[in-house]
Amino acid sequence: MVEQTTLSNLGTAMGMAAPAAAGVAAAPAKPKIDAKGRSYATGRRKNAVARVWIKRGTGKVTVNGKVIETYFARPVLRMLVQQPLNLVNRASQLDVVCTVVGGGLSGQAGAVRHGISRALTYFEPDLRPALKKGGFLTRDSRAVERKKYGKAKARRSFQFSKR
């Protein structure tokens, strides 16, 4: 008699043992911290790319060598950057140093937020579920649609005239 393969026993049918069945528990993730006590991550949004370093400190955030209040003058952008730190209650415990290039200020703020979130997961792996649930680890892939030939913009046509 031929055994019918279902989704539940597909792994064993393919010759692979399930990790739980093999008695191997998933090892807890280890922090990725360099010799200077920092964690590094890259964040992206639109055309902006942010390189972010996080270390223990007093809560100072520096963007391209400037204080966050100077670089991101609009309160909405500062709030966007601080969201992952406030979510996990680490805003006053960690220093953030980042360099960001490309795009506009809105895209750069989103890139810094993405970079901070990723660096936090490397610094303290236990924070990953909270950041994942908040949606901070997902790269926002929306970008401007390219202009097409024969069009004024990506989709906008020139005004039609019968004459």
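Structure shown above.
Everything in this summary refers to the structure shown in the same document.

About the criteria used
- Residues numbered from 1 in each chain as written.
- Predicted model: local features only at pLDDT ≥ 70, side-chain atom pairs only at ≥ 80, totals over all residues.
- Heavy atoms only, no water.
- Helix = DSSP H or I, 4+ residues; strand = E, 2+ residues; numbered from the N terminus.
- Buried < 20%, exposed > 50% of the residue type's maximum accessible area, 1.4 Å probe, protein only.
- Contact = heavy atoms within 4.5 Å.
- Areas by Shrake-Rupley, 256 points an atom, 1.4 Å probe, with all protein chains shown as cover.
- Pairing = 2+ DSSP bridges.
- Axes fitted to C-alpha atoms, helices over the stretch in contact; angles between N-to-C directions.
- Phe/Tyr/Trp six-rings, centres within 6.5 Å; stacked < 30°, edge-to-face > 60°.

### Here's the deal with the overall build of the chain
And step 1. Scanning the chain for helices and strands turns up five helices and five strands.
And step 2. Counted from the first residue to the last, the chain has its helices and strands arranged as α-β-β-β-β-α-α-β-α-α.
And step 3. Relative to its 163 residues, the chain shows a buried fraction of 29%.
And step 4. Counting only contacts in the chain whose residues sit at least 6 apart along the sequence, the fraction spanning at least 24 positions is 68%.
And step 5. As presented, the chain carries roughly 11400 Å² of accessible surface, and 56% of it is formed by carbon and sulfur atoms.

### Some thoughts on the sheet that holds strand β4 (residues 66-67)
And step 1. Spatial strand order, β1-β2-β5-β3-β4: five strands in an open sheet with mixed pairing. Two strands close off the open sheet at either side, each with one partner strand: β1 (39-45) and β4.
And step 2. Alignment of strand β3 (residues 61-63) against β4, held across two bridges, turns out to be antiparallel. Paired with V63 across the strands is K66, a residue of β4.
And step 3. Contacting β1, β2 (48-56) and β5 (94-101), helix α4 (residues 105-123) runs over the sheet at an angle of about 145° to β1.

### A look at the packing of aromatic side chains
And step 1. According to the stated counting rule, one finds two aromatic pairs in the structure shown.
And step 2. Aromatic pair Y40 and W53: ring centres 5.1 Å apart, planes at 45°, arrangement tilted. Remark: W53 occurs in strand β2 and Y40 occurs in strand β1; sequence separation between them is 13 residues.
And step 3. Judged by its relative accessible area of 36%, Y40 falls in the partly exposed class.
And step 4. Between Y71 and F72, the aromatic rings sit 5.0 Å apart at their centres with planes inclined by 90°, giving edge-to-face as the arrangement.
And step 5. Exposure remark for Y71: the relative accessible area of 17% places this residue in the buried category.
And step 6. Residue classification places F72 among the buried residues on the basis of a relative accessible area of 0%.

Distances and angles like these do not, on their own, reveal function.
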